[in-house]
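Analysis of the macromolecular model
Below are the chains, spelled out letter by letter.
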Amino acid sequence: MKKMQEKILAEGKILPGGVLKVGSFLNQQIDTKFMKEIGQEIAELFKDDEVSKILTIESSGIPIAVSAGFAMEVPVVYAKKNRSSNISGDVYCTSVHSFTHGNNNNVLVGKEFISSDERILIVDDFLAHGSALTGLIDIVEQAGATVVGCVAAIEKGFQLGGDKLRNDGYRIESLAIIEEMTDSEIIFREDQN
Ligand code: 5GP
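Residues numbered from 1 in each chain as written. Predicted model: local features only at pLDDT ≥ 70, side-chain atom pairs only at ≥ 80, totals over all residues. Heavy atoms only, no water.

**Things to note about the overall build of the protein**
A count of helical and extended segments in the protein gives five helices and ten strands. Taking 2.2 N^0.38 as the reference for a compact globule, 193 residues should give roughly 16 Å; the C-alpha atoms of the protein span a radius of gyration of 16 Å, in line with that estimate. For the protein, long-range pairs separated by at least 24 residues make up 59% of all intrachain contacts whose partners lie at least 6 apart in sequence. Just so you have it, the protein exposes about 9,700 Å², and 46% of that area is on carbon and sulfur atoms. Where the 19 positive side-chain charges of the protein centre and where its 29 negative ones centre are 5 Å apart. (Helix = DSSP H or I, 4+ residues; strand = E, 2+ residues; numbered from the N terminus. Rg over C-alpha atoms; globule rule 2.2 N^0.38 Å. Contact = heavy atoms within 4.5 Å. Areas by Shrake-Rupley, 256 points an atom, 1.4 Å probe, with all protein chains shown as cover. Lys, Arg positive; Asp, Glu negative; His and termini not counted. Charge placed at Lys NZ, Arg CZ, Asp CG, Glu CD.)

Below, the structure is given as structure tokens:
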């Protein structure tokens, strides 16, 4: 998505450790007009895939998932993070390592929200090492439902999570793939339009 690349170049801030801040349009302040376009782009990518529900993870994935949910007219479920190891109740649970916070979270989805006949599209803001998407895939597969694919607004290709998931056979779409990021420069993957 050309406009995602343009927004990253215009407004993204590169932090040490390979972290990109996009607080002005995606993470803290939300550019609602652009968010609407993101949802429409995701809907277009998966228009032939009979998606029945979108799954994301709190908190930064939620606006993107909701925008796509509006465009596709399907419900959105978000997984909740819970640091306690004492999990009870009727939930699917998996462990996800947080790249930005350097800790592990249990990630929970109530069993009532995903059934085995569903076709789930997984959405998140960033794809880095792939831990968040791998955890969400695990939850969908625990439910016996189908993972139609995953979408990240921004993939950091140099952290390799996306390519690992593609090699595992999952359809991974990213609206922008950053191939290289130095202190002063961002280079996108060439085969991106
Ligand atoms: P992964 O699990 O793929 O290593 O990392 C993805 C998760 O970490 C996303 O849910 C996102 O919230 C966070 N994340 C990873 N890299 C970045 C980054 O460069 N910037 C921001 N804002 N979040 C990131």
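And the narrative resumes.
**Description of the site of the ligand**
The environment of the ligand is formed by 16 residues, the closest being Leu-20, Asp-124, Gly-130, Ala-132 and Lys-156. Asp-124 is positioned such that a nitrogen or oxygen atom in its side chain is 2.7 Å from an oxygen atom of the ligand. In this structure, an oxygen atom belonging to the ligand sits 2.7 Å away from a main-chain N or O atom of Gly-130. Protein burial of the ligand: of its 510 Å² of free accessible surface, 89% is covered by the chains. Put simply, the ligand lies in the largest pocket. Elements with a minimum of two residues in the shell around the ligand: strand 2 (19-21), strand 7 (119-127) and helix 4 (131-142). (Near = heavy atom within 4 Å. Polar contact = N/O pair within 3.5 Å; in protein donor to acceptor, adjacent residues only side chain to side chain. 1 Å grid on protein atoms, 1.4 Å probe; cavity = no way out; pocket = protein on both sides within 12 Å on 5 of 7 lines; lining within 4 Å. Sits in = over half its atoms within 2 Å of the grid points.)

**What about the pattern of salt bridges?**
Side-chain pairs of opposite charge can arise whenever the charged atoms involved come near each other. Enumeration over the complete set of coordinates arrives at 13 salt bridges. One salt bridge in this structure joins Arg-166 and Glu-155, with 2.7 Å as the shortest N-O distance. One end of the pair, Arg-166, is in helix 5 (residues 161-167); the other, Glu-155, is in strand 8 (residues 146-156), with eleven residues separating them in the sequence. Two residues, Arg-189 and Glu-179, come together in a salt bridge whose shortest N-O distance is 2.6 Å. Linking Arg-189 in the segment after strand 10 (186-188) with Glu-179 in strand 9 (residues 172-181), this pair joins segments that are ten residues apart in sequence. Arg-189 sits in the buried class, given a relative accessible area of 15%. Its relative accessible area of 29% is what places Glu-179 among the partly exposed residues. The network of salt bridges with shared partners includes Glu-155, Asp-163, Arg-166, Glu-179 and Arg-189. (Salt bridge = Lys/Arg side-chain N within 4 Å of Asp/Glu carboxyl O. Buried < 20%, exposed > 50% of the residue type's maximum accessible area, 1.4 Å probe, protein only.)

**Quick word on helix 3 (residues 61-72)**
Taking 1.5 Å per residue, twelve residues should reach 16 Å; helix 3 reaches 16 Å between its end C-alpha atoms and fits that length. Three or more residues of helix 3 are buried, namely Gly-61, Ile-64, Ala-65, Ser-67, Ala-68, Gly-69 and Met-72. Tucked into the core, helix 3 has its buried residues touching helix 2 (32-45), strand 3 (53-57), strand 4 (76-82), strand 7 and strand 8. Phi turns positive, to about 55°, at Glu-73, one or two residues after helix 3. (Expected span 1.5 Å × (residues − 1).)

**Thoughts on the sheet that holds strand 8**
Taken in spatial order, the eight strands make up an open sheet running 5-6-4-3-7-8-9-10, and their pairing is mixed. The open sheet has two edge strands with one neighbour each: strand 5 (91-97) and strand 10. In this sheet, neighbouring strand axes are inclined to one another by 30° on average, regardless of whether the strands run parallel or antiparallel. Inspection of the sheet shows strand 4 paired to strand 6 (residues 104-110) by three bridges, in the antiparallel sense. (Pairing = 2+ DSSP bridges. Axes fitted to C-alpha atoms, helices over the stretch in contact; angles between N-to-C directions.)

**Quick notes on the packing of helix 2 against helix 3**
Taken N-terminus to C-terminus, the directions of helix 2 and helix 3 make an angle of 60°; their axes are 7 Å apart at the nearest point. Classed by the angle they form, the pair helix 2 and helix 3 counts as oblique. The handedness of the crossing between helix 2 and helix 3 comes out as right-handed. Residues Met-35, Lys-36, Ile-38, Gly-39, Gln-40, Ile-42 and Ala-43 of helix 2 pack against Pro-63, Ile-64, Ser-67, Ala-68, Ala-71 and Met-72 of helix 3. (Parallel < 35°, antiparallel > 145°, perpendicular 65-115°, else oblique. Left-handed = near helix turned anticlockwise from the far one by under 90°.)

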